Amino acid sequence: MEGQRKIIHIDMDAFYASVEQRDNPQYRGKPLVVGGRPEKRGAVAAASYEARQFGIHSAMPSRTALQRCPHLIFAVPRFDVYRGISEQIRTIFKSYTDLVEPLALDEAYLDVTHNKKSIGSATAIARDIKQDILNETKLTASAGVSLNKFLAKIASGMNKPDGLTVILPTEAEAFVEVLAIESFYGIGPATAHKMHELGIHTGADLKLRSEIDLEKQFGKTGHFYYQIARGIDERPVNPNRIRKSIGAETSFDPDLEDISRIERELYAIVQVVQQRLERNAAKGRTITLKVKFADYQQITRSRTVLNFIDGESQVSLLAQELLKDVEIEQRKVRLLGITISNLDAETEAPSYKQLVLDLQPFPGSISRSSDIDWV
Ligand SMILES: [Mg+2]
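All values reported here derive from a predicted model rather than from experimental measurement.

Further remarks concern the overall build of the protein chain. If you tally the helices and strands in the protein chain, you get 14 helices and 12 strands. For the protein chain, whose C-alpha radius of gyration is 20 Å, the value lies close to the compact-globule estimate of 21 Å for 375 residues. With the C-alpha coordinates aligned to their principal axes, the bounding extent of the protein chain is approximately 65 × 55 × 40 Å. Within the protein chain, the proportion of its 375 residues that are buried is 45%. In the protein chain, of all internal contacts separated by at least 6 residues, the share reaching a separation of at least 24 is 65%.

As a further point, take the packing of helix H4 (residues 79-94) against helix H5 (residues 122-137). Relative orientation of the contacting elements H4 and H5 amounts to 140°, with a least axis distance of 10 Å. Crossing geometry of H4 relative to H5 is assigned as right-handed. Contacts between H4 and H5 involve Ile85, Gln88, Ile89 and Ile92 on the former and, on the latter, Ile129, Asp132, Ile133, Glu136 and Thr137. Partitioning the contact of H4 with H5 into residue classes produces five nonpolar, two polar and two charged.

Of all hydrophobic cores here, the largest spans 96 residues; its most connected members are Ile8, Val33, Leu110 and Val273. Counting residues per element, this core draws most heavily on helix H12 (residues 259-279), at seven residues. In contact with Val273, other than residues within four places in its own chain, are Ile246, Gly247, Ala248, Val315, Ile338 and Ile340.

On to the sheet that holds strand S10 (residues 284-293), then. Strands in a sheet are paired, the pairing made by backbone hydrogen bonds, and the direction either parallel or antiparallel. Strand order across the open sheet formed by four strands is S9-S12-S10-S11, with antiparallel pairing between neighbours. Each having just a single partner strand, strand S9 (245-256) and strand S11 (298-304) make up the two edges of the open sheet. Adjacent strand axes in the sheet meet at a mean angle of 10° when their direction is disregarded. Note that S10 and S11 share seven bridges and pair antiparallel.

Next up on the list: the sheet that holds strand S4 (residues 73-75). Pairing is mixed in the open sheet, where three strands are placed in the order S3-S2-S4. Each edge of the open sheet carries a strand with a single partner, namely strand S3 (44-47) and S4. Taken over all neighbouring pairs, the strand axes of this sheet differ in orientation by 30° on average, direction set aside. Bridge count between strand S2 (residues 32-35) and S4: three bridges; the pairing is parallel. Pairing of Val34 across the sheet is with Ala75, part of S4. Helix-sheet contacts for helix H1 (residues 15-23) involve S2, S3 and S4, and the interaxial angle to S2 is about 115°.

The predicted coordinates should not be examined in detail at positions where pLDDT is low. Of all residues in the protein chain, 91% attain a pLDDT of 70 or more, and the chain-wide mean is 87. Throughout residues 347-375 the model reports pLDDT below 50, and contacts reaching past four residues in sequence, or to other chains, amount to 84 contacts.

Within helix H8 (residues 189-197) the residues assigned to the buried category are Ala190, Thr191 and Met195. The buried residues of H8 occupy an angular sector of 135° when the element is viewed end-on, so they sit on one face. Of the surrounding secondary structure, the elements contacted by the buried residues of H8 are S9. After H8 finishes, the residue Gly199 shows a positive phi value of roughly 85°.

Reading the values: rules and limits
- Residues numbered from 1 in each chain as written.
- Predicted model: local features only at pLDDT ≥ 70, side-chain atom pairs only at ≥ 80, totals over all residues.
- Helix = DSSP H or I, 4+ residues; strand = E, 2+ residues; numbered from the N terminus.
- Rg over C-alpha atoms; globule rule 2.2 N^0.38 Å.
- Buried ≥ 20, exposed ≤ 12 C-beta atoms within 10 Å, placed from the backbone.
- Contact = placed C-beta atoms within 7 Å.
- Axes fitted to C-alpha atoms, helices over the stretch in contact; angles between N-to-C directions.
- Left-handed = near helix turned anticlockwise from the far one by under 90°.
- Nonpolar A, V, L, I, M, F, W, Y, C, P; charged D, E, K, R; others polar.
- Core = buried A, V, L, I, M, F, W, Y, C linked by C-beta atoms within 7 Å.
- Pairing = 2+ DSSP bridges.
- pLDDT = per-residue confidence, 0-100.
- Arc of directions from axis to C-beta.

Quick look at the structure:
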């Protein structure tokens, strides 16, 4: 069709965990996580496919992971190695197109409508890229091919690992109709919950809602939901987008009352934020705490430091200080969020608006905040 784009989303499979298995043959075929030790109240940054079979996933407390799999291997993250591989795969992407938009170290969108190799089939390009990645890094990636970012991203997650999934333009609307609302990229757990309450369970349900209705319920994002329900996503692949902040937030149902529980949940969010900073090779100077109460009153507290906020312990300390500054008293807390902004100018990963609106799992790797529990 005239003017139709060809978009590929590439996502490395269980990236950090796969790298550790590649470099440590004794770890292959075994349940392994990359992340903090359980005795240090660490969290899982990435889980191998073998570990996932035990119900272990990223952002889970390491202690819980160990309970689910007592012989679980814990590998210390080696971010310098992951960053090096990230450079390698970006060089591969750039050999096909300059329109590469990284989402994190291990995933990116590519617009290959007009590509450097004059290959007409985006599916053929995706296959070639997967092969190039395997040849150069000995790691597998999954690819999604479609006419826009929204569909390409969903497609890449459908047949992991080593998947290649194509959603043809003619299939787009029917595909979205049968999609469960919680599987929409950009709809996180809190929004999914709200949609369920409104009787919206699938793309077809979403499509029945008017744009005005969706904007009334979801603000500006309502327009985005209206569009994606029709398989439409006109966002360009933007190689120059600069990320302005990195954050995570969690909604609680039921609301939190106990201050020690609030502190624990805040610490869990800090860990997710720290993992995202690392995953994006980002650092920032401003930290903002958001607290929303049961009556929907919202309070934010910010602090900017002279040097870049460095490491989980500093993020945690600053977050605790900001929390002390909020008069919680007897009030119930509905939502907690932490955002790091004033990022290093070299932070290259672009933002995805939804990430901040409603904490959204990065499929395959980092954070799944709805699952942060301290059971
Ligand atoms: Mg990945």
